[in-house]
Amino acid sequence: MRQTLVRMAVYLSCLCLTASSAFAQGASSTTSLSGTVKDADGGALPGATVVVTNVATGVSQTTVTNSQGSYSFPSMNVGTYSVTIEMQGFKKMTHTDVRLLGNQPATIATTLQLGGLTEEVTVS
């Protein structure tokens, strides 16, 4: 009887360790961020500069939109970010408090308004 209880305890311990290990592997500390940049008429804006800044660390990454107005940051650490998008002849747009969660890719579609770079629109 005692041997049966010991075996059962060992079996349950192994089962719990396996389950917790599998759960931990499912959680991720990285994700991705992508989006599109368009003008007020819905046209793609290739060549727009997109800067993503981690609010906690101040570390930034920069990319430029492609011919379809799309951009992508394929490997981002989880955290809170600001996303600034600017292009000559348009108002600069800043998205604040963008929260990136593990295994949950984020997408931000942005429409830039005509104006100078000295004009800025902030979305929080």
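Cut-off values and rules
- Along every chain, residues carry numbers that run from 1 in the direction the sequence is written.
- Thresholds applied to this predicted model are a pLDDT of at least 70 for local features of residues and 80 or more for the giving and counting of side-chain atom pairs; totals over whole chains, interfaces and linings are not thresholded and use all residues.
- Hydrogens and waters are ignored; side-chain quantities use all the structure's heavy atoms.
- A simple rule labels every residue: compare its accessible area, found with a 1.4 Å probe on the protein chains alone, to the largest value its type can have, and call it buried under 20%, exposed over 50%, or partly exposed in between.
- In this description a helix means any DSSP run of H or I spanning at least four residues, a strand means any run of E spanning at least two, and both kinds are numbered starting from the N terminus.
- Any two strands are treated as partners once DSSP identifies two or more bridges connecting them.
- Every axis corresponds to a line fitted to the C-alpha atoms, with the helix fit spanning only the stretch in contact, and the corresponding angles, defined between N-to-C directions, vary from 0 to 180 degrees.
- In this description, a nonpolar core means a group of buried Ala, Val, Leu, Ile, Met, Phe, Trp, Tyr and Cys residues linked to one another through side-chain atoms lying within 4.5 Å.
- Throughout, a contact is declared for two residues whenever any of their heavy atoms are within 4.5 Å.

(A) Inspection of the pairing of strand β2 (residues 49–54) at higher detail. Here β2 shows one buried face, formed by V50, V52 and N54, and one open face, formed by T49, V51 and T53. Relative to strand β3 (residues 60–64), β2 is paired through five bridges, and the arrangement is antiparallel. Bridging from a neighbouring strand, T53 pairs with S60 of β3. Hairpin remark: β2 followed by β3, antiparallel, with five residues in the connecting loop; positive phi at G58, about 80°.

(B) Region of the structure containing the sheet that holds strand β1 (residues 30–39). With respect to topology, three strands assemble into an open sheet ordered β4-β1-β7, the strand pairing being mixed. Looking at which strands have only one partner, the edges of the open sheet turn out to be β4 (70–77) and β7 (106–112). Within this sheet the neighbouring strands show an average axis-to-axis angle of 20°, counted without direction. Relative to β7, β1 is paired through seven bridges, and the arrangement is parallel. Note on β7: the bridge partner recorded for V37 is T110.

(C) The nonpolar core, seen in detail. Grouped together as the largest cluster of nonpolar side chains are 19 residues, with contacts concentrated most on L33, V52, Y71, V83 and I85. Counting residues per element, the ones that place at least two in this core are β1, β2, β4, β5 (79–86), β6 (92–100) and β7. Other than its neighbours up to four places away in sequence, I85 contacts V37, A48, T49, V50, Y71, K91, K92, M93, H95, T110 and L112.

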